[in-house]
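In case you want the letters, here they are:
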Amino acid sequence: MTEPLSADELERRLRAIGVERYHDKHPFHRRLHAGGLNRGQLQAWVLNRYYYQSRIPLKDAALLSRVDDRAFRREWIGRILDHDGESDDSGGIERWLVLAEGVGLDREKVMALDGVLPATRFAVDAYVRFVRDMPLLDAVASSLTELFAPQLHEARIAALLANYDFANERTLAYFRRRLSQAPRDVAFGLAFVRREARTRDQQEAAMAALRFKTDVLWAQLDALHFAYVEPGLIPPGAFVPADRRAGQPPLSA
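Within any chain, residue numbers begin from 1 and follow the written order of that chain's sequence. Reporting in this predicted model follows two pLDDT cut-offs: at least 70 for local features of residues, and 80 or more for side-chain atom pairs to be given and counted; totals over whole chains, interfaces and linings ignore these cut-offs and use all residues. Hydrogens and water are ignored here; the side-chain numbers use all heavy atoms of the structure.

(A) Focus on empty space enclosed by the protein. The definitions used throughout rest on a 1 Å grid laid over the protein atoms alone, on which a cavity is an enclosed set of points accommodating a 1.4 Å probe that cannot get out and a pocket is an open set flanked by protein within 12 Å on both sides along at least five of seven lines; lining residues are those having an atom within 4 Å of a point. Grid points are joined across faces, edges and corners, and a volume is the space filled by probe spheres set on the points. Counted by the stated rule, this structure contains two cavities of 30 Å³ or more. One number sums up the size of the largest cavity: a volume of about 300 Å³. R49, Y52, I56, E146 and R178 are the residues nearest the centre of the largest cavity, which is lined by 23 residues in total. Secondary structure elements with two or more residues in the lining of the largest cavity: helix 3 (39-64), helix 4 (70-84), helix 9 (149-163), helix 10 (173-196) and helix 11 (200-228). The way it works is that DSSP assigns letters per residue, a run of H or I at least four long becomes a helix, a run of E at least two long becomes a strand, and they are numbered from the N terminus. Of all the elements, helix 3 adds the most residues to the lining of the largest cavity, at six residues. Each residue gets one label: Ala, Val, Leu, Ile, Met, Phe, Trp, Tyr, Cys and Pro are nonpolar, Asp, Glu, Lys and Arg are charged, and the others, such as Gly, are polar. Here the residues of the lining of the largest cavity are counted per class, giving eight nonpolar, six polar and nine charged. Put simply, the second largest cavity is a space of about 100 Å³. Considering the residues around the second largest cavity, the lining is formed by H23, H29, L32, W45, N48, R49, T120, R156, L217, Q220, L221 and L224. At the level of elements, helix 2 (27-33), helix 3 and helix 11 are the ones that each hand at least two residues to the lining of the second largest cavity. For the lining of the second largest cavity, the residue count by class is five nonpolar, five polar and two charged.

Limitation: the analysis is restricted to geometry and does not speak to function.
So, in structure tokens, the structure goes:
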């Protein structure tokens, strides 16, 4: 088990991780795409996912701070600009705020991170620390969930348009834009991992990093499902949907 894998075999195993572990298989995600979330559950998903979106530029900045290669930095910095934009009315974070407004959330409260689940914070902050502290190869490999994202975004656009009144081209612009951004990003990241993961130990570490990232994404949906679907136990300080504020019982599965 000490012989290095070929680059093609390494890529095959990386892709197999997504087939087994990507969060499109989570019950909350399946409920989302099937049109099974009520307004409060949708709002909780958008709010908590905003925390993840808002931390991505911090994660990428932490990665860049460790890189001496100018060519690498020129390529990777595009990820920060994709999310932060080049002005206040552009970028992925702004497009996510448009989505938040579309589901009835207050933009300023979303930006203030009011009501984000504790488990969301723990999971996302762990991802930022991982990218900051682990070897560069591991940090890059953890981004390879983007291998599986374009197909998910295509399915999500179609599902949301079919099942929810808030969905239109404006509110779903974040996902539409990622259809072109994610393949570009993953081409660079995958080429880096294929090239730099030369020993079996490095290859195993790269695969472990990708599994860790799938765990981060899965944990976020676990938290949403537990708080807002079944058993519906919202922790203190977290977002409470309007129907729950009115004193109704926990949401059923």
